[in-house]
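# Topology and contacts: notes
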Amino acid sequence: MPRMIRFMLTRLATGFAIGSAVGFFVWQNGFAAAGTVESYLAQGLFIYLFASTISMGYLATALLLEE
């Protein structure tokens, strides 16, 4: 696998994991007005929102700072 592809995939996966943890933490502690906790679709979309945003930001920052 080319070095750049491996670099991008690892940074995206790491950012997605961090974002998923943050999204889950925010959902469980009720910082967002998300409705009922039993709404699994809403919870999944909320966590995915955090995960996708943070993964792209993590990748962009890594690409910016890579020498």
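Residues numbered from 1 in each chain as written. Predicted model: local features only at pLDDT ≥ 70, side-chain atom pairs only at ≥ 80, totals over all residues. Heavy atoms only, no water.

Here the focus is the environment of Leu49. Topologically, Leu49 is positioned in helix α2 (residues 40-65). Residues Leu49 and Gly19, 30 residues apart in the sequence, show an inter-C-alpha distance of 8.3 Å. (Helix = DSSP H or I, 4+ residues; strand = E, 2+ residues; numbered from the N terminus.)

Time to look at the packing of aromatic side chains. This model, assessed by the stated rule, comprises three aromatic pairs. Each residue in the set Trp27, Phe46 and Phe50 is aromatic and connected to the rest through ring pairs, giving one cluster. (Phe/Tyr/Trp six-rings, centres within 6.5 Å; stacked < 30°, edge-to-face > 60°.)

The terminal C-alpha atoms of helix α1 (residues 3-29), which comprises 27 residues, lie 39 Å apart, in line with the 39 Å expected from a rise of 1.5 Å per residue. Listing the buried residues of α1 in full gives Phe7, Gly15, Gly19, Gly23, Val26 and Trp27. On its buried side, α1 packs onto α2. Backbone geometry just after α1 places Gly30 at a positive phi near 70°. (Expected span 1.5 Å × (residues − 1). Buried < 20%, exposed > 50% of the residue type's maximum accessible area, 1.4 Å probe, protein only. Contact = heavy atoms within 4.5 Å.)

This part covers the side chain of Ser55. Inspection of the secondary structure assignment puts Ser55 in helix α2. A residue is classified by how much of its surface remains accessible, and Ser55, at 5% relative accessible area, is buried. Setting aside anything within four residues of it in sequence, one finds Ser55 in contact with Leu12, Gly15 and Phe16.

What follows concerns the UniProt feature "transmembrane region" (unreviewed entry) in the protein chain. Mapped onto the present numbering, the UniProt feature "transmembrane region" (unreviewed entry) falls at residues 42-65. Along residues 42-65 the backbone is 100% helical and 0% strand, and the end-to-end C-alpha distance reaches 35 Å. (UniProt positions renumbered as here; feature names shortened; annotations may be inferred.)

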